[in-house]
Structure formats: structure tokens, C-alpha cells
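Each chain, written out:
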Amino acid sequence: SPRSGDIVLFYRTQDEMALTSIGVVENFTSSQSPAAIASLVSRRTVYSQTDIERMASKPTKIILFRLLEHLPMKVGYKQLEQDCGIAGPIQSIRKIQHDQFAKILIAAGR
């Protein structure tokens, strides 16, 4: 599970199909209570109360994070796989190695 201070990378699946942003975890928890989830995320979410209620029908992971930056260059899935050694499911929470993170930063123009 993510911990406070961990780096998070955001992969946009719907439109960009690429890593686009980087942030740092402030807090991570899981809940099935729509009220608790709504209270935690308050103004920090794009989801409506109805969306939150629907998601809370099963344990829901909540990551509060601070956006550090949008990457100068997007890093697509093929580039992640071929240049950074990252394959498999990337739309879920997973840990990567330091050298993979360094390759991502290079590919993103950092």
C-alpha cells in the first residue's frame, strides 16, 4: 500500500494512453463508507456523491496526493514497456524499481 511521501505516477487511460503527471502521497486509506470517503476527499475529487456511493459498494482505495507537476513529455505504454522495462497492468497501484523510475523521468524529459 502507498505510504505518505511515496511518489505516484498518473497514467491516463481514457484519452492520453500515457503517463502524464507525478505527485506525492499525503495519505492512503480504504473505506466502504460513502460518508467517510466524501469527508476525506471533500473538494479534492472529480467524483460526484452518486459516484462515491456507487464506488463504496466495495472497499474503495483513497489516495490523497499533492500534484508535483505535469510531465514535459507524455510517456506512452509502448515506451514504458520498451524503454523503461514496465509491462503488465499499469492502471492499478503497483511498485516499480528505482531504475525504472529514473528511465521514466528521462523519457518524460526530466
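One can find the structure itself at the top, above this paragraph.
In short, a report on the structure. Keep in mind the model is a prediction, meaning the values are calculated, not measured. (Residues numbered from 1 in each chain as written. Predicted model: local features only at pLDDT ≥ 70, side-chain atom pairs only at ≥ 80, totals over all residues. Heavy atoms only, no water.)

This part covers unusual backbone geometry. In this structure, Met17 is a non-glycine residue whose phi angle is positive, near 55°. With respect to the helices, strands and loops of the structure, Met17 is situated in the loop between β1 (7-12) and β2 (18-31). What makes Met17 partly exposed here is its relative accessible area of 45%. Although it is not a glycine, Ser42 adopts a positive phi angle of roughly 25°. Along the chain, Ser42 falls in the loop between α1 (34-41) and α2 (49-55). Classification of Ser42 as partly exposed rests on a relative accessible area of 48%. (Helix = DSSP H or I, 4+ residues; strand = E, 2+ residues; numbered from the N terminus. Buried < 20%, exposed > 50% of the residue type's maximum accessible area, 1.4 Å probe, protein only.)

What follows concerns the sheet that holds strand β3 (residues 60-76). Read from one edge of the open sheet, 3 strands run β1-β2-β3, paired in antiparallel fashion. The open sheet has two edge strands with one neighbour each: β1 and β3. Recorded for the sheet is a direction-independent mean angle of 35° between the axes of neighbouring strands. Looking at chain direction, β1 and β2 are connected through 6 bridges and run antiparallel. Within the sheet, the bridge partner assigned to Tyr11 lies in β2 and is Leu19. Strand contacts of α1: β2 and β3, with the helix running at about 45° to β3, the strand carrying the most contacts. (Pairing = 2+ DSSP bridges. Axes fitted to C-alpha atoms, helices over the stretch in contact; angles between N-to-C directions. Contact = heavy atoms within 4.5 Å.)

If you walk through the whole model with that rule in mind, you get 6 salt bridges. For Arg12, the salt bridge is made with Asp15, and the minimal N-O distance between the two is 2.2 Å. In this structure, Arg44 and Glu26 form a salt bridge, with 3.0 Å as the shortest nitrogen-oxygen distance. Pair noted here: Arg44 is in the loop between α1 and α2 and Glu26 is in strand β2, with a separation of 18 residues, a long-range link. When its relative accessible area of 44% is taken as the criterion, Arg44 is described as partly exposed. Three or more residues joined by partner-sharing salt bridges are found here, namely Glu26, Arg44 and Arg66. (Salt bridge = Lys/Arg side-chain N within 4 Å of Asp/Glu carboxyl O.)

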